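Residue-level structure breakdown
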Amino acid sequence: MSDNINQNADQINKDIQLSEELIHIIDSCDVTVNTTDTKAAVSLQASLQAAIALIISVSIADSSKAERITQDLMQTTKTKQQTFQKVVIEGSQGVNVTTTDTQVALNIQILLQLLLALIVRLDIL
C-alpha cells in the first residue's frame with residue numbers, strides 16, 4: 001500500500017509589512033531626527049515553523065504522517081502589518097525627535113504558543 005500525499009495548491013504563507021513615515025521640518029533649525037524601523041516577523045516566523053516541524057518529525061516515527069501533520073498546522077499563515085507615522089516640526093529650534101517602529105506579528109505569538117504546547121505535550125522539557 002503506497003502512502004500518497006495529496007496536497008492542494010492552496011497553501012499560503014504571506015507576510016506583508018508596510019511602514020510609512022512622513023517627517024516635515026519647516027522653518028526650523030538644530031533639529032535632530034533618529035528613526036528606526038525594524039521588521040522581525042518574517043525570519044522569526046520561519047524559525048518557529050522550522051522548530052515546530054523538527055519537533056513533530058522527531059516525535060512521530062512515521063515520516064509521511066509527520067509531514068501531513070506539519071502541513072496541516074502550517075497550511076495558512078497570513079500576516080499584514082501597517083504603520084503610518086507623521087511628524088511635523090514647524091518654527092522650532094533645538095528639537096530632538098526619535099521614532100521607533102518595531103513590527104512583530106501576532107502569528108509569531110501563535111506559533112510560539114503552538115511550539116510550547118508541543119514541547120509540553122511531548123514532555124520534552
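About the thresholds
- Residues numbered from 1 in each chain as written.
- Predicted model: local features only at pLDDT ≥ 70, side-chain atom pairs only at ≥ 80, totals over all residues.
- Heavy atoms only, no water.
- Helix = DSSP H or I, 4+ residues; strand = E, 2+ residues; numbered from the N terminus.
- Buried < 20%, exposed > 50% of the residue type's maximum accessible area, 1.4 Å probe, protein only.
- Contact = heavy atoms within 4.5 Å.
- Areas by Shrake-Rupley, 256 points an atom, 1.4 Å probe, with all protein chains shown as cover.
- pLDDT = per-residue confidence, 0-100.

1. Notes on the overall build of the protein
Helix and strand content of the protein: three helices and four strands. The burial tally for the protein puts 23% of its 125 residues in the buried class. Look at the contacts in the protein between residues 6 or more apart in sequence, and 80% of them connect residues 24 or more apart. For the protein, the computed accessible surface area is about 8700 Å², with 52% contributed by carbon and sulfur atoms.

2. Remarks on the environment of Q93
Considering the arrangement of structural elements, one finds Q93 in strand 4 (residues 93-103). Along the chain, Q93 and D30 lie 63 residues apart, while their C-alpha atoms are 5.6 Å from each other. Those residues in contact with Q93 that sit more than four places away from it in its chain are C29 and D30.

3. What to know about the confidence of the model for the protein
Per-residue confidence for the protein averages 75 on the pLDDT scale, and 73% of its residues sit at or above 70. In the model, residues 5-11 has pLDDT below 50 throughout and makes eight contacts with residues more than four positions away in sequence or in other chains.

4. Some words on unusual backbone geometry
Excluding glycine, most residues fall at negative phi; most peptide bonds, likewise, are trans. In this structure, D27 is a non-glycine residue whose phi angle is positive, near 45 degrees. Within the secondary structure layout, D27 lies in the loop between strand 1 (12-26) and strand 2 (29-39). On the basis of relative accessible area, D27 is assigned to the exposed category, the value being 67%. A positive phi angle, close to 55 degrees, is found at D30, a residue other than glycine. You can see D30 is positioned in strand 2.

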